[in-house]
Amino acid sequence: MARVFWFRRDLRIQDNVALNAAVRGANEDTDGAVAPVYVVDLEKFEALSPGRQHSLVASLDSLGASLDRRLTIRHVRGLANVAQEMILLAKAAKAERVHATRAFDPDGIAEQNAVGIALAEAGIFLQLDDSNYAVAPGLVNKPDATAYRVYTPFYKAWSPLAANAPVKLEPPKVNWLEPVECMGRPVPAEPSPFKIRAGEAFALRTFERFLLRAVKTYDEDRNRPDMSGTSHLSHALAHGEIHPRTILARLGDSPGEIVFAKEICWREFYADVLFRNPDSLTDYYDPRYAQMRYDTGSVSDERLNAWKRGETGYPMVDAGMRQLIADGWMHNRVRMIVASFLVKDLHLEWQQGAEHFEYLLTDFDPASNAHGWQWTAGSGTDASPYFRIFNPITQGQKFDPNGDYVRKYVAELRHIDGADVHEPWNLPNGYEGGYSRQIVDHAEERNEALARLAEIKQQH
Ligand SMILES: Cc1cc2nc3c(=O)[nH]c(=O)nc-3n(C[C@H](O)[C@H](O)[C@H](O)COP(=O)(O)OP(=O)(O)OC[C@H]3O[C@@H](n4cnc5c(N)ncnc54)[C@H](O)[C@@H]3O)c2cc1C
């Protein structure tokens, strides 16, 4: 009896425990035939930015190549049809069992529940194994069996559990089966605004290069958007082209490697928090913040659009927002700066920024995005206190000391040398390149944000 393997956010063949379960099961049953399938929900696909569409297509393309071009891609619309398609695929493969990596985010859980129920009604079993994490969400608990709400103790409890050896595809030669005709890759609406490199082999190469290039200095350089001091593995992790097990197994105990493992743990912490608090995907984790006064109306809408375009008049914010448009990625330090600006300088709700990030980020991850935003907004776990408001000017001077990052993304400021680029208003020719004037005054808005915080503090 063949098995079906349902690829979702685990687009790789090595270190894939659920895929190994399918291959092993198929070998025990018969000739080891496994039908690898990917079902594209066009409703979801069409809601992605062109960059995200191309990035998924590139990942599928690379996965198809590692499956001897036997990946069956099917297109449907809506969750009910995903479920029906899985039944059709399983029946066509004559399989009684479909395998997949267990999802832990709200959408993934809903999808796997719907598919599992539909398959069961058709007499087919959905077997879910492993997770996209070194430790599956829900498994790191305090001694009293409750969840950690703060990162540092979570990290201490997570570390010993996270040290597991990666697994190889076993046996390495699989009889991949194409049960029905492949509909091909989904077609993005527009050309990609940037060059996409994706896939398992690329992820592994990126990791190897990072180990040689930057891991040893990661603790010092990871906050510098003007340098390539981070791994750039977030796209690969979000698509499951590399498993965190593979990463952690190669890390030693130099300061850079320890800090890097801690960042991997942030991803796992947020996945755990979202799993236990699914509403925090879109709601305030700390409900007091829902009571805060936020701005709405046409002026706010204009400010939101200026923020999205990278035309706030604050060079570091604008460079970050333009990096997001230009590359489909933004440096972590700058994500914090632009998020703080949206919530604390423009007084908009974090969800508005998170939605924009979701549209454009090729590394979009529901847990890291929602909780990265909530952390910066002050409403999340381990929150930076609301009164810690990022100053976009001093942050730029500190983390982009020569102004190279700003000049790379903000063409109107390229005529300014060195760190002066962070304060064009101090120069007689600062605006000669046509750069925008500041849409708000940071010092005033900081006071306004603190006043609004005092109001909710009083209410509670
Ligand atoms: C407002 C906001 C939104 C964010 N949205 C996302 C998102 O949608 N997807 C996403 O993967 N990351 C998100 N992050 C976290 C972080 O910015 C990115 O993971 C990181 O910039 C990716 O670059 P890298 O792979 O070079 O990171 P590295 O510094 O090399 O880190 C290695 C890996 O660790 C994980 N990681 C690092 N920092 C964090 C963090 N603060 N939180 C969670 N995981 C982390 C990522 O998986 C990353 O790939 C967000 C952060 C903020 C402040």
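Rules used throughout
- Residues numbered from 1 in each chain as written.
- Predicted model: local features only at pLDDT ≥ 70, side-chain atom pairs only at ≥ 80, totals over all residues.
- Near = placed C-beta within 6 Å.
- Nonpolar A, V, L, I, M, F, W, Y, C, P; charged D, E, K, R; others polar.
- Domains from an automatic or database assignment.
- UniProt positions renumbered as here; feature names shortened; annotations may be inferred.
- Helix = DSSP H or I, 4+ residues; strand = E, 2+ residues; numbered from the N terminus.
- Expected span 1.5 Å × (residues − 1).
- Buried ≥ 20, exposed ≤ 12 C-beta atoms within 10 Å, placed from the backbone.
- Contact = placed C-beta atoms within 7 Å.
- Axes fitted to C-alpha atoms, helices over the stretch in contact; angles between N-to-C directions.
- Left-handed = near helix turned anticlockwise from the far one by under 90°.
- Pairing = 2+ DSSP bridges.
- Right-handed = clockwise from strand over helix to strand, strands pointing away.

**Here's the deal with the site of the ligand**
Here comes step 1: Taken together, 28 residues lie near the ligand, and T230, S231, S234, N369 and G372 sit nearest.
Here comes step 2: Taken together, the residues of the shell around the ligand break down into twelve nonpolar, ten polar and six charged.
Here comes step 3: Lining the shell around the ligand are residues from two domains, each supplying at least three of them: domain 2 (133-167 + 200-276) and domain 3 (287-459).

**Let's talk about the UniProt feature "domain: Photolyase/cryptochrome alpha/beta" (unreviewed entry) in the protein chain**
Here comes step 1: Here the UniProt-annotated "domain: Photolyase/cryptochrome alpha/beta" (unreviewed entry) positions come out as residues 1-134.
Here comes step 2: Span residues 1-134 is 49% helix and 23% strand, its end C-alpha atoms 31 Å apart.

**A short note on helix α12 (residues 298-309)**
Here comes step 1: An ideal rise of 1.5 Å per residue puts 16 Å on twelve residues; α12 measures up with 16 Å between its terminal C-alpha atoms.
Here comes step 2: With its phi angle positive at about 80°, G310 sits one or two positions after the end of α12.

**Observations concerning the environment of P392**
Here comes step 1: Inspection of the secondary structure assignment puts P392 in helix α17 (residues 392-399).
Here comes step 2: Look at P392 and you get buried, because 24 C-beta atoms sit within 10 Å.
Here comes step 3: Separated by 50 residues in the primary sequence, P392 and H442 place their C-alpha atoms 8.2 Å from one another.
Here comes step 4: The contact partners of P392, leaving out residues within four places of it in the chain, are Y314, M316, V317, I337, F341 and H442.

**Considerations on the domain arrangement of the protein chain**
Here comes step 1: In terms of domains, the protein chain is made up of domain 1 (2-130), domain 2 (133-167 + 200-276) and domain 3 (287-459).
Here comes step 2: Using C-alpha coordinates to define each centre, domain 2 is positioned 26 Å away from domain 3.
Here comes step 3: Contact with domain 2, which involves 15 residues of that partner, is made by 19 residues of domain 3.
Here comes step 4: With five residues, helix α11 (residues 255-276) is the single largest residue contributor to the side of domain 2 that touches domain 3.

**As for unusual backbone geometry**
Here comes step 1: Between E170 and P171 the backbone carries a cis peptide bond, its omega angle lying at -5°.
Here comes step 2: A positive phi angle is found at D15, which is not glycine, with a value near 50°.
Here comes step 3: Of note, D15 is situated in the loop between β1 (2-6) and α1 (17-29).
Here comes step 4: Within the chain, R69 stands out as a residue other than glycine whose phi angle is a positive 60°.
Here comes step 5: Inspection of the secondary structure assignment puts R69 in the loop between α3 (50-66) and β3 (72-76).
Here comes step 6: Since 10 C-beta atoms lie within 10 Å of it, R69 is described here as exposed.

**Quick notes on the packing of helix α15 (residues 350-360) against helix α16 (residues 366-377)**
Here comes step 1: Two numbers describe how α15 lies on α16: the axes approach to 10 Å, and their chain directions differ by 145°. With respect to the hand of their crossing, α15 and α16 are arranged in right-handed fashion. In this structure, α15 contributes W350, G353, A354, F357 and E358 to the contact, and α16 contributes N369, A370, W373, Q374 and A377.

**Here we look at the pairing of strand β4 (residues 95-101)**
Here comes step 1: Counting buried residues along β4, six of its seven residues qualify, which places the element largely inside the surrounding structure.
Here comes step 2: Note: β1 against β4, three bridges, orientation parallel. Note that in β4 the partner of A2 across the bridge is A95.
Here comes step 3: For β4 and strand β5 (residues 125-129), the ladder comprises five bridges, and the chain directions are parallel. Note that in β5 the partner of T101 across the bridge is D129.
Here comes step 4: As for the winding sense of the linkage, the β-α-β connection from β4 through helix α5 (residues 106-121) to β5 is right-handed.

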